[in-house]
Amino acid sequence: MSFHGVNHPIAITDVPLEAEMQTAAAHEVVMDNFSFAPAAASVPVDTTITWTNRDDVPHNAVSTEQKFKSPVLDTDEEFSHRFDAPGAYKYFCSIHPKMTGRIVVG
């Protein structure tokens, strides 16, 4: 450790910066074979869900309650949404409406 002749406060912590940055959880939903996997997930508040299209056709994820809407995602493209309020969030692919999913935040 060295000290310099600069007049400013110095903060010393024993917590790595990476640990401080991981305050919000992250989870992934994969679009593949015309389905969402997992089709249902339970996560805590302040979780970010990332949808990734692994299919060879375009898909999107649209909330039935208009809470979020991804753009159309081509193969390997991603969309993320942070869930900051508890509740049950149903969604579907507007291109293939039989593709459905649900996120329960609590």
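Parameters and conventions
Residues numbered from 1 in each chain as written. Predicted model: local features only at pLDDT ≥ 70, side-chain atom pairs only at ≥ 80, totals over all residues. Heavy atoms only, no water. Helix = DSSP H or I, 4+ residues; strand = E, 2+ residues; numbered from the N terminus. Buried < 20%, exposed > 50% of the residue type's maximum accessible area, 1.4 Å probe, protein only. Contact = heavy atoms within 4.5 Å. Areas by Shrake-Rupley, 256 points an atom, 1.4 Å probe, with all protein chains shown as cover. Polar contact = N/O pair within 3.5 Å; in protein donor to acceptor, adjacent residues only side chain to side chain. Salt bridge = Lys/Arg side-chain N within 4 Å of Asp/Glu carboxyl O. Phe/Tyr/Trp six-rings, centres within 6.5 Å; stacked < 30°, edge-to-face > 60°. Pairing = 2+ DSSP bridges.

Enquirer: Tell me about the overall build of the protein chain, and please be specific about residues and values.
Expert: On a plain count of helices and strands, the protein chain comes out with one helix and eight strands. When the helices and strands of the protein chain are read in sequence order from the N terminus, they spell out α-β-β-β-β-β-β-β-β. Taking all 106 residues of the protein chain together, the buried fraction comes to 27%. If you take every contact in the protein chain between residues at least 6 apart in sequence, the share linking residues at least 24 apart comes to 48%. Approximately 7,100 Å² of the protein chain is accessible, and the part contributed by carbon and sulfur atoms is 54%.

Enquirer: Please provide a residue-by-residue account of the environment of Glu-28, values included.
Expert: Note on placement: Glu-28 falls in strand 1 (residues 26-32). Sequence separation between Glu-28 and Ile-49 is 21 residues; the distance between their C-alpha atoms is 5.5 Å. If near-sequence neighbours (up to four positions away) are discounted, Glu-28 is found in contact with Ala-37, Pro-38, Thr-50, Thr-52 and Arg-54. Within the local environment of Glu-28, its side chain forms a polar contact with the side chain of Thr-52, the two groups lying 2.8 Å apart.

Enquirer: Outline the pattern of salt bridges, listing residues and values.
Expert: Pairing between side chains of opposite charge can happen when the charged atoms of each approach one another. What the rule picks out here adds up to two salt bridges. Measuring nitrogen to oxygen at the nearest pair gives 2.6 Å for the salt bridge that ties Arg-82 to Asp-46. Taken together, the positions of Arg-82 in strand 6 (residues 78-83) and Asp-46 in the loop between strand 3 (40-43) and strand 4 (47-53) put the pair 36 residues apart, joining distant regions of the chain. Among the ionic pairs, Asp-76 bridges to Arg-54, the shortest N-O distance being 2.8 Å. Residue Asp-76 is located in the loop between strand 5 (62-63) and strand 6, and its partner Arg-54 is located in the loop between strand 4 and strand 5; the two are separated by 22 residues in the primary sequence. The exposure class assigned to Asp-76 is partly exposed, which follows from its relative accessible area of 49%.

Enquirer: Residues and numbers for the packing of aromatic side chains, please.
Expert: Inspection of every chain in the model, using the stated rule, returns eight aromatic pairs. Ring centres of Trp-51 and Phe-83 lie 6.4 Å apart, and the angle between their planes is 55 degrees; this geometry places the pair in the tilted category. One end of the pair, Trp-51, is in strand 4; the other, Phe-83, is in strand 6, and 32 residues separate them in sequence. Given the relative accessible area of 0%, Trp-51 is considered buried.

Enquirer: Please provide a residue-by-residue account of the pairing of strand 8 (residues 100-105), values included.
Expert: Across a regular strand the side chains alternate sides, sitting on one face of the sheet and then on the other. Residues Gly-101, Ile-103 and Val-105 line the buried face of strand 8, whereas the alternating positions Thr-100, Arg-102 and Val-104 sit on a face that is not buried. In terms of strand pairing, strand 3 meets strand 8 through four bridges, oriented parallel. By the bridge assignment, Val-43 is partnered in strand 8 with Val-105.

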